[in-house]
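If you want the building blocks of each chain, they are given just below.
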Amino acid sequence: MIEDIISLTSQALVAMIPLLLASVGEIVTERSGVVNIGLEGILILSAFISSLVTFSTNDPYLGLLAGALSGLSAGLLHGFISVYLRGDQIIAGVGFNTFAYGISILGLINTWGHHGASPMVSKIPFFGAPLYISPLLPIALIIAITCWFWLFRTSSGLRLRACGEDPRAAEAMGVNVLRMRFLATVLGATLTGIGGAYIVVGWIGQFTRHISAGRGFIALAIVALSGWNPALSIAGSFIFGFFDAISLYLPVKIQLINPGLNLTSLSYVFRIIPYLGVLIIVSFFFRRGRAPRDLGRPYIKE
Amino acid sequence: MRKIVLEVSLSIILSFLIGYIMLILMGYDATRVFSIVIREGLSNPTYLMMRSTPLILTALAFSIPSSVGVFNIGGEGQFYLGALASLIIAYTTGNSLLSTITGMAAGGLLSALIAVIKVKRGVNEVVTSIMFNWMIYFSLLYLISTYLFDPLMPYQSVSVPKNARIEYLTIQSVSIPMIFPIAVLTSLAMYFLMYHSALGYRMRVVGISPKAARYAGFDPESSIIISMIIGGAMSGLGGSLLILGHTHTIDSTMSGLYGMGFAGIGAGLLGRNNPIGIIFSSIFLSMLLIGGEAAELRARVPTELADTLIGMIVIVLSAPYIVRILRVRR
């Protein structure tokens, strides 16, 4: 029993990292007034690009960098559309998710001739045996706490939040609202890109068709539940990482006890757990009215 | 009207152009691929009508709530649920009408739940929609592999019995799958609902300005819930018609259902959220989907080419400002 709990916690610490990076990135973006629901697409695309780079260079750290750069490019696109072209941010995000899925699978089949998964690539090793701790865990935690400090304890953080609450007042304060929103979008997408690359080079070790499996949207739920606070999103990411861990751990455990069961079809039932968990928690514990006031609205300079 | 035509055609041209360059970079003969996509996509009118049917309905599922200001991106899950409910009822009762109604009810019930969580708890519909999509996806995989599989062909579910299938109507050697006129008539009915009825007027006012709606005595919350129920029922109907009139079964990997809800979002946006525009945009996107499948056989380009193109069309459509910039320069 104790062993199970330790093992689940360890798995949760592995699974929370992409959720934490994506949700902290999205908090920075949304605090500036821009919504990016293309997180799912960024996770998929950066996971694919990082598997491609790691496969050809055999260096997972380069893969991580490539993932960050893919996220950055996605952020440039979304920032340009939502800030300078005053596009509809939700529609741009939905379009990007479809596009990123399409192009990543196109690339997967074009590169390896396989429809389901890439070959295994080299990984960033875990430390702290018997637990599995990725070096990205402390990095992600430091990023989350730094972002909290930046947003709530520095004057540039205050200026960023002003862009999301009342862009006109921010402009009067001398803030370049358009530039601030653009940079916040790029930064948020870059962090999400690191998260996507981590799923491949830090965790699974290969790219698969459903590699992200809704994690981008779970990160969006964490953003709302944390009340747009990066420090609280650590707790949210751990809880949903824990659900993720349970869904992978339970079917294996059950089969150990009862080897006669059909694991494949049973595992489908357990895959429901993380999504059901999000639904229940969001429906019962979300408190409305804490979103940045100007969220999702394009700013038009007079 | 001219502005809309310009925006829509520009988004298609721009995304085809990017797709063309992308294919060349990946080492394909892009000209040949695009000519296969368009030629093969249009080669079989019967099949084109068949494939457009579910798309018209998932597009309505997105567009009707969208006119009220709600983003129903749960069309995918509502479509799965409609297909499942419809299959079970058709298999057990052999009655196609009952099966269709159940499919619509299943889709509508799911979207109602999403709308109630939004209205009562303030939770964004985008997040709950996606959570439901994945839950239903895995539930269907489980049900089909465990309870509903065909003992003779275990890689697919049991089939819709012959007497419950919706067949073809042949007019002068052109056979029309009956599900297509059903979808077109539904779309026309939705047009009248949205633009020529009191309910539709209320919904559109809420979409333009919830404050003005409240001032006029319209309750925005009930409009949101009603629009979502209609949307979900449309998606459920789409799943129903696909099962009764086309596939008659669900394969164990769900490849026949996967992605229809998301393609519907593209069709809805490309049709400018107008039920009549949606009929044409759905036929156009179905051409891309069918052509994409032909390109896989003939030129070994993965079918995800169609997803990529649809995604790009949607991205360009999100920013109508692009069109304005290009027009000023001209």
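Our structure is the block above this text.
Residues numbered from 1 in each chain as written. Chains lettered and ligands numbered in written order. Predicted model: local features only at pLDDT ≥ 70, side-chain atom pairs only at ≥ 80, totals over all residues.

Caption draft 1: Up close: helix α2 (residues 39-57) of chain A. Residue and element names in this part refer to chain A. Here α2 spans 26 Å end to end across 19 residues, near enough to the 27 Å set by a 1.5 Å rise per residue. Most of α2 sits inside the fold, with 16 of its 19 residues counted as buried. One or two steps after α2, the chain reaches Asn58, where phi turns positive at roughly 65 degrees. (Helix = DSSP H or I, 4+ residues; strand = E, 2+ residues; numbered from the N terminus. Expected span 1.5 Å × (residues − 1). Buried ≥ 20, exposed ≤ 12 C-beta atoms within 10 Å, placed from the backbone.)

Caption draft 2: The environment of Leu241(B), seen in detail. Residue and element names in this part refer to chain B. Note that Leu241 resides in helix α10 (residues 220-247). Sequence separation between Leu241 and Ile166 is 75 residues; the distance between their C-alpha atoms is 7.9 Å. Sequence-distant contacts of Leu241, that is, excluding residues within four places in its chain, are made with Thr53, Pro54, Ile166, Ile179, Ile182 and Ala183. (Contact = placed C-beta atoms within 7 Å.)

Caption draft 3: Region of the structure containing the packing of helix α4 (residues 89-112) of chain A against helix α13 (residues 304-317) of chain B. Where α4(A) meets α13(B), the closest approach of the two axes is 7 Å, and the angle between their N-to-C directions is 155 degrees. Here α13(B) runs roughly antiparallel to α4(A), going by the angle between their axes. Relative to α13(B), α4(A) is oriented so that their crossing is left-handed. In this structure, α4(A) contributes Ile91(A), Ala92(A), Val94(A), Gly95(A), Phe96(A), Thr98(A), Phe99(A), Tyr101(A), Gly102(A), Ile103(A), Ile105(A) and Leu106(A) to the contact, and α13(B) contributes Glu304(B), Leu305(B), Asp307(B), Thr308(B), Ile310(B), Gly311(B), Met312(B), Val314(B), Ile315(B) and Leu317(B). (Axes fitted to C-alpha atoms, helices over the stretch in contact; angles between N-to-C directions. Parallel < 35°, antiparallel > 145°, perpendicular 65-115°, else oblique. Left-handed = near helix turned anticlockwise from the far one by under 90°.)

Caption draft 4: Up close: the interface of chain B and chain A. Residue-level contacts link 40 residues of chain B with 40 residues of chain A. For the side of chain B that touches chain A, the elements supplying multiple residues, two or more each, are α5 (96-121), α6 (125-146), α11 (260-270), α13 and α14 (321-329) of chain B. In terms of residues, the side of chain B that touches chain A owes the most to one element, α6(B), which gives 13 residues. Classifying every residue of the side of chain B that touches chain A gives 27 nonpolar, 10 polar and 3 charged. (Nonpolar A, V, L, I, M, F, W, Y, C, P; charged D, E, K, R; others polar.)

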